[in-house]
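Single-letter residue listing:
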Amino acid sequence: MKSMTSYYHIGNKMTLLQVLRQPVVPLSFLVSFAGLGLYFFLCMRLGYAKTEKQISWLLTFASSVVCTAVSMPYYVRFWRSGWDMQLLGVDAQVHTGLACFFMTYLILDLVLGSMYYRRRITIATGWIHHSIYIVILFWLMRCRSTSFFTVNAILELPTVILALGSMRASWRSDFLFASTFFALRLVYHAWMIVAVKQYHRLDALYIVATLVFPLHVYWFYGIASIQYQRVMAIYAARCKTSSSGSSSSHPASPLRSPTLGKTHHHPDCLCTCGSSASSALSSRSPSIASSSSSASSSSDEEDAAKVHAMTAFRKRQHLVAAANLDKKQTDIYVHPMSGKPLIASAKLRKSKPKHLRFLDKMVVA
């Protein structure tokens, strides 16, 4: 690393009033408020964000993209200079403008979040986090070191990946997010604390970076915990699937289910199921009958009892349906093919043909 040279702004700190009197400051705030506000409401109007979760990530996505894009050339310059810390102590209009843009995002996230996604604005990660960063940015503007924020805005790259995955599930990449978060917000941030303490002209800046670092560690611990739980859930599901597959080579049939006597079937499908089941049991070929005679007779008796119970239940259902044709009711039945519970109204069953009654307006329970 190089020693400090003369292009640092080593003058006295500006007052808050002097900071606000800079022409770039009110202009940056005005453009940022107008741009972010128009983007937010336009995305909602066009339907790009429909759920509360998607709406809550709109401003964060825009802010992280802008900060990453503006920071990239300055970060490359910082890297190619041999990590010259002098580049983090200068001030320019682009650095001040980016700081004003980020403060505008923090303010709008709190204001619009209180109206559109209040449940996602927490005390710690919302009001406290945003307020602290607004104070830090104003302090950097007073010290004329806003280039420090511009170069280190590259830390918003993991936020871009997380925001994309939160708004569109198909774009989600947990590995890419976790790897960039670990590389930038843990490794690079830890190195930056040491470098700032040794080479930066602001003595208190490393204290600010140190206070922010535990928050990144806490967030990464949450990321790692979630990924660990997902891996263990997938592993347990695979073990359960393999064990169930080895225990029974054929899927369970509704006819041989031990709870068939307690299952409510659709009155119309019972006619088909009952007749097909009884015909299947009664029309067995001699070869099949001879091969099954070696099995225990209790199984056949159980099947016959279940078929008889199905038939009796079908008759009772027909009687109930005939007595309540004019009543609007909702019953739960079992689909004859998939075995899933279904909800169908009595009016629908009466008005539709039998072969179409399971095709329209069925709701999976």
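## Observations regarding the pattern of salt bridges
Counting across every chain of the model gives five salt bridges. In this structure, Arg230 and Asp174 form a salt bridge, with 2.8 Å as the shortest nitrogen-oxygen distance. Here Asp174 lies in helix H9 (residues 174-199) and Arg230 lies in helix H10 (residues 205-247), a separation of 56 residues in the sequence. On the accessibility criterion, Arg230 (33% relative accessible area) is partly exposed. Under the relative-accessibility criterion, Asp174 is labelled partly exposed at 25%. Here the residues in one salt-bridge network are Glu52, Arg119 and Arg120, joined through shared partners.

## Describing the confidence of the model for the protein
In the predicted model, the protein carries a mean pLDDT of 78, and 68% of its residues have values of at least 70. Note that residues 1-10 has pLDDT below 50 and, in this model, 30 contacts with residues that lie over four places away or in other chains. With pLDDT under 50 throughout, residues 345-349 is counted as low confidence; its partners more than four residues away or in other chains account for twelve contacts.

## Examining the environment of Gly37
With respect to the helices and strands, the residue Gly37 is situated in helix H2 (residues 24-46). Not counting residues within four places of it along the chain, the set of residues in contact with Gly37 comprises Ser32 and Leu108.

## A closer look at the packing of helix H4 (residues 58-80) against helix H5 (residues 93-116)
One way to put it is that H4 packs onto H5 with a least axis distance of 10 Å and a crossing angle of 165°. Comparing the axis directions of H4 and H5 gives the class roughly antiparallel. Seen from above, H4 lies across H5 with left-handed handedness. Each of Leu59, Thr60, Ala62, Ser63, Val66, Cys67, Val70 and Tyr74 in H4 lies in contact with H5, whose residues at this interface are Val94, His95, Leu98, Phe101, Phe102, Tyr105, Leu108, Asp109 and Leu112. Residue composition of the contact of H4 with H5, grouped by class: 13 nonpolar, three polar and one charged.

## Here we look at unusual backbone geometry
A positive phi angle, near 60°, is found at Trp83, a position not held by glycine. Residue placement: Trp83 occurs in the loop between H4 and H5. Within the chain, Arg144 stands out as a residue other than glycine whose phi angle is a positive 60°. Position of Arg144 among the secondary structure elements: in the loop between helix H6 (123-142) and helix H7 (147-152). The partly exposed category is assigned to Arg144, whose relative accessible area is 26%.

## Here we look at the packing of aromatic side chains
According to the stated counting rule, one finds 15 aromatic pairs in the structure shown. Their ring planes at 50° and their centres at 6.5 Å tell us that Phe78 and Trp191 sit as a pair that is tilted. Linking Phe78 in helix H4 with Trp191 in helix H9, this pair joins segments that are 113 residues apart in sequence. A relative accessible area of 0% means that Phe78 is categorised as buried. Each ring, one from Phe102 and one from Phe149, has its centre 5.4 Å from the other, and the planes form 50°; the classification is tilted. With Phe102 in helix H5 and Phe149 in helix H7, this pair connects stretches of sequence that are 47 residues apart. The two residues Phe102 and Phe149 agree in class, both being buried. Following the ring pairs from residue to residue traces out a cluster consisting of Tyr75, Phe78, Trp83, Tyr188 and Trp191.

## Some remarks on the nonpolar core
If you look at the biggest cluster of nonpolar residues, it comprises 57 residues, and the most contacted ones within it are Leu59, Phe78, Phe102, Leu140 and Met192. When residues of this core are traced back to their parent elements, those giving at least two are H2, H4, H5, H6, H7, helix H8 (157-167), H9 and H10. Here this core takes eleven residues from H5, the largest share from any one element. Those residues in contact with Leu140, other than ones at most four positions away along the chain, are Ser145, Thr146, Phe148, Phe149 and Leu205. Ile161, Phe177, Phe181 and Ile223 belong to the second-largest nonpolar core, a separate cluster that totals five residues.

## Let's talk about H9
Spanning 26 residues, H9 covers 35 Å between terminal C-alpha atoms, matching the ideal 38 Å at 1.5 Å per step. Along H9, the largest kink reaches about 35° and is centred on His189.

Criteria and cut-off values
- Here, residues in each chain are numbered from 1, in the same order as that chain's written sequence.
- Two thresholds apply to this predicted model, a pLDDT of at least 70 for residue-level local features and 80 or more for giving and counting side-chain atom pairs, whereas whole-chain, interface and lining totals are computed over all residues.
- To get the side-chain values, take all heavy atoms of the structure and skip hydrogens and water.
- Each salt bridge in this description consists of a side-chain nitrogen of Lys or Arg and a carboxyl oxygen of Asp or Glu lying within 4 Å of one another.
- A helix here means a DSSP run of H or I that spans at least four residues, while a strand means a run of E at least two residues long, and both kinds are numbered starting from the N terminus.
- Working definition: with a 1.4 Å probe on protein chains only, accessible area under 20% of the residue-type maximum means buried, over 50% means exposed, and in between means partly exposed.
- Known as pLDDT, the predictor's per-residue confidence is scaled from 0 to 100.
- Residues are treated as being in contact if the distance between any of their heavy atoms lies within 4.5 Å.
- Note on method: axes are straight lines fitted to C-alpha atoms, helices fitted across the in-contact stretch only, with angles between N-to-C directions ranging 0 to 180 degrees.
- In what follows, roughly perpendicular refers to angles from 65 to 115 degrees, roughly parallel to angles under 35, roughly antiparallel to angles over 145, and oblique to any angle outside these ranges.
- Each crossing gets its handedness from the near helix: less than a right angle anticlockwise from the far helix is left-handed, clockwise is right-handed.
- Put simply, Ala, Val, Leu, Ile, Met, Phe, Trp, Tyr, Cys and Pro go in the nonpolar bin, Asp, Glu, Lys and Arg in the charged bin, and everything else, Gly too, in the polar bin.
- Aromatic rings from Phe, Tyr and Trp, taking only the six-membered ring of Trp, are treated as a pair when their centres fall within 6.5 Å; an angle between ring planes under 30 degrees marks them as stacked, one over 60 as edge-to-face, and anything in between as tilted.
- Think of a nonpolar core as a cluster: buried Ala, Val, Leu, Ile, Met, Phe, Trp, Tyr and Cys residues, connected wherever their side-chain atoms sit within 4.5 Å.
- The span one expects for a helix is its residue count, reduced by one, times 1.5 Å.
- Fitting one axis to the seven residues ending at a residue and another to the seven starting there, the bend at that residue is the angle between the two axes.

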